[in-house]
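A closer look at the structure
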Amino acid sequence: MQNDLPIRKIIHVDMDAFYASVEQMDNPELKGKPIAVGGSSKRGVVSAASYEARTFGVRSAMSGVKARRLCPELIFVRPRFNRYHEISKKIRKIFHDYTDLVEPLSLDEAYLDVTQNKKGHPSATLIAKDIRQRIFNEVGLTASAGISINKFIAKVASDYNKPNGQKTVNPEEVLEFLEALDIRKFYGVGKVTAEKMYQKGIFTGKDLKAKSLEYLDAHFGKSGRYYYYVVRGIHNSEVKPNRTRKSLAAERTFSENLSSEVFMLEKLDHIAEEVARRLNKSSVAGKTVTLKIKYSDFTLQTRSKTLPYFISDKSIILETAKDLLYQDKLSNSVRLLGISLSNLNTETSKKSTVKTPEKAVSVQLQFEF
């Protein structure tokens, strides 16, 4: 066995219904009631739902109209992102008391590598428990956590005992855990991929593990290799404290559907201005401009163009977005437009290499957890 194989103790912390929980904490009258953070109008979208609302089937990204239909007593609350950022900073400060290897995924979740931690504690399970208790005592919110040998398993595990719980997948339990896992629980397997796997007789991790690398490559492209290794407990992605931004975007949902490109140009002007502002604030530039179009029937279309040079200027972003708008005829009236810039100058061409991946999990299985 090689000594340079990754041996890690990873925690994935996920706040419970974060936005909704913050609103309930700040307004005691909302506690125990079904609430949705977002808009209730026909154009409104649910950003987050309390657990009381989820029992009615209300979920994030659902239209406000549908959410109200499912739960007539639903209380809508306007989002307060400044407040969510404020709370998130307090939570991350707690994380950094244990390790500097903290990789935020969003305001309400993060990976922590506690293999070597500031407390000198050998148990990742007890560290996770302590972190969750401190978040509750110092912030007033509950969090759930997953603990295991890599980021993939930790993230899957954090969803097991929600809300306000945690699950540890010990090294010796990894392979059995993954074999029994419903394929829909595999991080990176969406609805479309899950349906495709069902058609090929893949319903659990055990079914997936039975497929060869060649088979998965042939039927699932680049993702096939990823599926082949993660189901074997091999996922060597490090916790990256400074995640490289891969894209920057802005979008707008309109109060009325737009049916003419002429009316969309003014909207694109404002969106391009916002994208340029964010690029300049982050001191980044990009080469690929993508126009996002969501039609009135909720179908989504994207059109992209890659330039031979990096841009961050509003006028160039806008002109490129206009070209993309006129690239093809619109298939319906439009409810949302968005512009994103990717292929940023912050990205590097370095690709991580995995040495003898088949041995990596065997080393982990002997690791004290």
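Fair warning: this is a prediction, and the values are worked out from it, not measured in the lab. (Residues numbered from 1 in each chain as written. Predicted model: local features only at pLDDT ≥ 70, side-chain atom pairs only at ≥ 80, totals over all residues. Heavy atoms only, no water.)

**Side note on the confidence of the model for the protein**
Formally: The quantity known as pLDDT measures the predictor's confidence residue by residue, on a range of 0 to 100. Every residue pair with non-hydrogen atoms within 4.5 Å of one another is taken to be in contact.
When pLDDT is averaged across the protein, the result is 89; 91% of the residues are at 70 or more. A low-confidence stretch, residues 349-356 (pLDDT under 50), is modelled with six contacts involving residues beyond four sequence positions or located in other chains.

**Overview of the packing of helix H1 (residues 18-26) against helix H4 (residues 81-96)**
We count it as follows: For helices, the fitted axis covers only the stretch in contact; all axes are lines through C-alpha atoms, and the angles between them, taken along N-to-C directions, range from 0 to 180 degrees. Going along the chain from the N terminus, every DSSP run of H or I of four or more residues is numbered as a helix, and every run of E of two or more is numbered as a strand. Here is the rule for angles: anything less than 35 degrees is roughly parallel, anything more than 145 is roughly antiparallel, 65 through 115 is roughly perpendicular, and the remaining ranges are oblique. Nonpolar residues are Ala, Val, Leu, Ile, Met, Phe, Trp, Tyr, Cys and Pro. Charged residues are Asp, Glu, Lys and Arg, and all others, Gly as well, are polar.
Viewed as axis vectors pointing N to C, H1 and H4 meet at an angle of 95°, and their least axial separation amounts to 11 Å. When the axes of H1 and H4 are compared, the pair comes out roughly perpendicular. Counted together, Phe18, Tyr19, Val22, Glu23, Met25 and Asp26 of H1 and Phe81, Arg83, Tyr84, Ile87, Ser88 and Ile91 of H4 form the full contact between these two elements. Of the residues contributing to the contact of H1 with H4, the split by class is eight nonpolar, one polar and three charged.

**Quick notes on the pattern of salt bridges**
The test is simple: For salt bridges, the criterion is a side-chain nitrogen of Lys or Arg within 4 Å of an Asp or Glu carboxyl oxygen. Throughout this description, buried means an accessible area under 20% of the type-specific maximum (1.4 Å probe, protein chains only), exposed means over 50%, and partly exposed covers the range between.
Overall, the coordinates contain 22 salt bridges when judged by the stated rule. With a shortest N-O distance of 2.9 Å, Lys292 and Glu251 are connected by a salt bridge. Residue Lys292 is found in strand E10 (residues 286-295), and its partner Glu251 is found in strand E9 (residues 247-258); the two are separated by 41 residues along the sequence. According to the relative accessible area criterion, Lys292 is partly exposed, its value standing at 25%. Of the residues examined, Glu251 reaches a relative accessible area of 38% and is grouped as partly exposed. Where Arg277 meets Glu274, a salt bridge forms, and the shortest distance between an N and an O atom there is 2.7 Å. A residue pair is termed a helical-turn pair when its members lie 3 or 4 positions apart in one helix, as Arg277 and Glu274 do in helix H12 (residues 261-282) at three residues. Several salt bridges share partner residues, and in doing so they unite Glu23, Asp26, Arg80, Arg83 and Glu86 into one network.

**Brief notes about the sheet that holds strand E2 (residues 35-38)**
So the rule is basically this: Paired strands are those between which DSSP finds at least two bridges.
Taken in spatial order, the three strands line up as E3-E2-E4 in an open sheet, and their pairing is mixed. The open sheet has two edge strands, strand E3 (46-49) and strand E4 (75-77), and neither has a second partner. Along the sheet, successive strands turn relative to each other by an average axial angle of 30°, direction set aside. Here three bridges tie E2 to E3, and the two strands are oriented antiparallel to one another. Bridging from a neighbouring strand, Ala36 pairs with Ala49 of E3. Across the sheet, H1 touches E2, E3 and E4, and the angle it forms with E2 is around 110°.

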